[in-house]
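# Chains, contacts and geometry: an overview
These are the residues of each chain, in order.
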Amino acid sequence: MDTKTKSILLGGIALLILAVTFGVIFYLGKASRNQNVRTEPSLDSLSQLPSLSTSDNSSGTGNNNTGTTKSFTGEGFTLKYPTSWGLLTCSNSQNFELDPTSSQDIKGVVCDMAVKPVTFLISSTRAACQGETVTLGSNQVVKSKITARGDTNYRWCLMVGSKSFDVTHRVSPSGSRATSKDDFSSQIEEVIKSLQTTPAGS
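This structure is a prediction, so every number in the text was calculated from the model and none was measured.

In this section: the overall build of the protein. Secondary structure summary: the protein contains two helices and twelve strands in total. The helix and strand sequence of the protein, counted from the amino end, reads α-β-β-β-β-β-β-β-β-β-β-β-α-β. Within the span of the protein, comprising 202 residues, buried residues form 41% of the whole. Nonlocal contacts in the protein, meaning residues at least 24 apart in sequence, comprise 50% of its contacts between residues at least 6 apart. Within the structure as shown, the protein displays about 11,100 Å² of accessible surface, and the carbon and sulfur contribution to it stands at 55%.

The subject of this paragraph is the packing of aromatic side chains. Going through the model one piece at a time under the given rule, you end up with seven aromatic pairs. Taken together, a centroid distance of 4.6 Å and an interplanar angle of 10 degrees make the contact between phenylalanine 96 and phenylalanine 120 stacked. Of this pair, phenylalanine 96 sits in strand 5 (residues 96–99) while phenylalanine 120 is found in strand 7 (residues 118–123), placing the two residues 24 residues apart along the sequence. You'll find phenylalanine 96 and phenylalanine 120 in the same group, each marked buried. An aromatic cluster is defined as three or more aromatic residues linked by ring pairs; in this entry it consists of Phe72, Phe77, Phe96, Phe120 and Phe165.

On to the environment of phenylalanine 165. Inspection of the secondary structure puts phenylalanine 165 in strand 11 (residues 163–171). Judged by its relative accessible area of 0%, phenylalanine 165 is buried. Residues phenylalanine 165 and phenylalanine 120, spaced 45 residues apart in sequence, show a C-alpha to C-alpha distance of 6.4 Å.

Next up on the list: a nonpolar patch on the surface. Together, Leu10, Ile13 and Ile17 make up a nonpolar patch on the protein surface, roughly 300 Å² of accessible area in all. Mapped onto the elements, isoleucine 17 comes out in helix 1 (residues 3–34).

The next thing to look at is the pattern of salt bridges. Enumeration according to the criterion identifies five salt bridges in this entry. With a shortest N-O distance of 2.8 Å, lysine 143 and glutamate 189 are connected by a salt bridge. With a gap of 46 residues between them, lysine 143 in strand 9 (residues 139–148) and glutamate 189 in helix 2 (residues 185–194) connect regions that are remote in the sequence. Between arginine 155 and aspartate 166 there is a salt bridge, and its shortest N-O distance comes to 2.7 Å. In this pair, arginine 155 sits in strand 10 (residues 151–160) while aspartate 166 sits in strand 11, placing the two residues eleven residues apart along the sequence. Neither arginine 155 nor aspartate 166 differs from the other in exposure class; each is buried.

Rules used throughout
- Residues numbered from 1 in each chain as written.
- Predicted model: local features only at pLDDT ≥ 70, side-chain atom pairs only at ≥ 80, totals over all residues.
- Heavy atoms only, no water.
- Helix = DSSP H or I, 4+ residues; strand = E, 2+ residues; numbered from the N terminus.
- Buried < 20%, exposed > 50% of the residue type's maximum accessible area, 1.4 Å probe, protein only.
- Contact = heavy atoms within 4.5 Å.
- Areas by Shrake-Rupley, 256 points an atom, 1.4 Å probe, with all protein chains shown as cover.
- Phe/Tyr/Trp six-rings, centres within 6.5 Å; stacked < 30°, edge-to-face > 60°.
- Patch = residues over 30% accessible without salt bridge, like charges linked within 9 Å, V, L, I, M, F, W, Y side chains within 5 Å.
- Salt bridge = Lys/Arg side-chain N within 4 Å of Asp/Glu carboxyl O.

And the structure:
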């Protein structure tokens, strides 16, 4: 093999190595940007904090303090959550969020993306969830936990009356948007235990 052929061959190998290296760097950078907030369509349909609305058209009737817990009543359901947590309700859907890191309540937000660490998506169609089936209170729940690159995503799916609840909790050591640095999954399961139907007109 002459020198010219060797040079062409070595140049081609060097270009191939460079192309692979840049491809890996591009892929890792894109994956890193996408891991901050879970991108499932159902999750991205929650709230975006800058879009605050002054009207409260949400179906929730507010929260009542009963010692260590507050209660929230939505359309056809009620639940209890710790008094130290905040509640965010949506003006454009029945969805709502809980904030274990702040007791501030925010009502009537125009919701389109999750901003708090705990999300409750509500619909009339059962969520397609996979995982372990457990009983929390009187509720049968499909539970899953996914950990990747230090971040943990919890998901609980259940039916309460005619409503489907798709509950998610995102934990990230980086404290990125819509996550908490601490794991509140056990407290969220207590909230799910309290989920029950309310009679029509109540």
